[in-house]
Amino acid sequence: QVQLVESGGGLVQAGGSLRLSCAASASILSFNGMAWYRQAPGKQRELVAYITTGSNTNYANSVKGRFTISRDNAKNTVYLQMNSLNPEDTAVYYCNAWDGGAHYWGQGTQVTVSS
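Focus on the packing of aromatic side chains
Under the criterion given, the structure shown has 3 aromatic pairs. When the centroid spacing of 5.9 Å and the interplanar angle of 85° are considered together, the rings of Tyr 50 and Trp 98 count as edge-to-face. Taken together, the residues span a long stretch of sequence, with Tyr 50 in strand E5 (residues 46–52) and Trp 98 in strand E9 (residues 91–99) at a distance of 48 residues. Classification of Tyr 50 by relative accessible area gives partly exposed; the value is 26%. Arg 45 extends its terminal NZ or CZ atom over the ring of Tyr 94, reaching a point 3.8 Å from the ring centre. A cation sits over an aromatic face here: Arg 45 above Trp 105, 4.7 Å from the ring centre.

Printed below as a string of structure tokens:
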């Protein structure tokens with residue numbers, strides 16, 4: 001069973017930065033891609049960014065230019081660098097990996113941005 005463990009969340013002031021990490025228990029090259037999702041209170045979970053095995057990336061419009069997803073294959077880790085954070089970015093952030101029809105999820109890490 002694949003395990004994904006997120007870290008790096010916390011409390012930050014508006015305008016600040018955080019870097020989230022997602023460590024996988026398996027080689028991330030075995031997945032078609034990896035992604036970050038987030039879920040704010042009372043809202044549906046939404047895709048923030050994804051990166052494919054070929055390192056193609058895509059971002060939600062709300063984070064373009066502020067967030068960067070990257071991967072370190074040697075460490076089996078995916079990162080989400082978040083800059084210029086604002087209170088609307090407050091949410092639980094989840095790591096996701098997909099392989100064909102299978103999806104794997106981490107337990108989530110809380111990001112809180114104060115105004």
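As for the side chain of Thr 77
Within the secondary structure, Thr 77 sits in strand E8 (residues 77–82). Classification of Thr 77 by relative accessible area gives buried; the value is 8%. A distance of 2.8 Å separates a polar atom in the side chain of Thr 77 from the backbone oxygen of Lys 75. Here Thr 77 is in contact with Ser 21, Cys 22, Ala 23, Ile 28, Ser 70, Arg 71 and Asp 72, once residues within four sequence places are set aside.

Quick word on the sheet that holds strand E1 (residues 4–7)
One open sheet holds the 4 strands; their spatial order is E1-E3-E8-E7, and the pairing between them is antiparallel. Either end of the sheet is taken by a strand with one partner, and the two such strands are E1 and strand E7 (67–72). Strand after strand, the sheet turns through a mean of 15° between neighbouring axes, direction not considered. Summarising the sheet, E7 and E8 pair through 6 bridges and their orientation is antiparallel. Residue pairing across strands places Arg 71 opposite Val 78, the latter belonging to E8.

Concerning the state of the cysteines
Under the defined criterion, the tally for this structure stands at 1 disulfide. What pairs with Cys 22 in a disulfide is Cys 95, and their sulfur atoms sit 2.0 Å apart. As the torsion about the S-S bond is roughly -80°, the Cys 22-Cys 95 disulfide counts as left-handed. Of this pair, Cys 22 sits in strand E3 (residues 18–24) while Cys 95 sits in strand E9, and the two are 73 residues apart along the sequence. A relative accessible area of 0% places Cys 22 in the buried class.

Description of the pairing of E1
Two faces, one strand: in a regular strand the side chains alternate between the faces of the sheet. The alternating pattern of E1 places Leu 4 and Glu 6 on a buried face and Val 5 and Ser 7 on a face that is not buried. Relative to E3, E1 runs antiparallel, the two sharing 4 bridges. The residue of E3 that forms the bridge with Ser 7 is Ser 21.

Some words on the nonpolar core
Formed by 30 residues in total, the largest nonpolar core has its most connected members in Met 34, Trp 36, Leu 80, Met 82 and Tyr 93. Elements that contribute at least two residues to this core include exactly E3, strand E4 (33–39), E5, E7, E8, E9 and strand E11 (109–114). Residues within four places of Tyr 93 in sequence aside, it is in contact with Glu 6, Leu 20, Trp 36, Tyr 37, Arg 38, Val 48, Phe 67, Leu 80, Met 82, Gly 108, Thr 109 and Val 111.

Reading the values: the criteria
Residues numbered from 1 in each chain as written. Predicted model: local features only at pLDDT ≥ 70, side-chain atom pairs only at ≥ 80, totals over all residues. Heavy atoms only, no water. Phe/Tyr/Trp six-rings, centres within 6.5 Å; stacked < 30°, edge-to-face > 60°. Helix = DSSP H or I, 4+ residues; strand = E, 2+ residues; numbered from the N terminus. Buried < 20%, exposed > 50% of the residue type's maximum accessible area, 1.4 Å probe, protein only. Lys NZ or Arg CZ within 6 Å of the ring centre and 35° of its normal. Polar contact = N/O pair within 3.5 Å; in protein donor to acceptor, adjacent residues only side chain to side chain. Contact = heavy atoms within 4.5 Å. Pairing = 2+ DSSP bridges. Axes fitted to C-alpha atoms, helices over the stretch in contact; angles between N-to-C directions. Disulfide = S-S within 2.5 Å. Core = buried A, V, L, I, M, F, W, Y, C linked by side-chain atoms within 4.5 Å.

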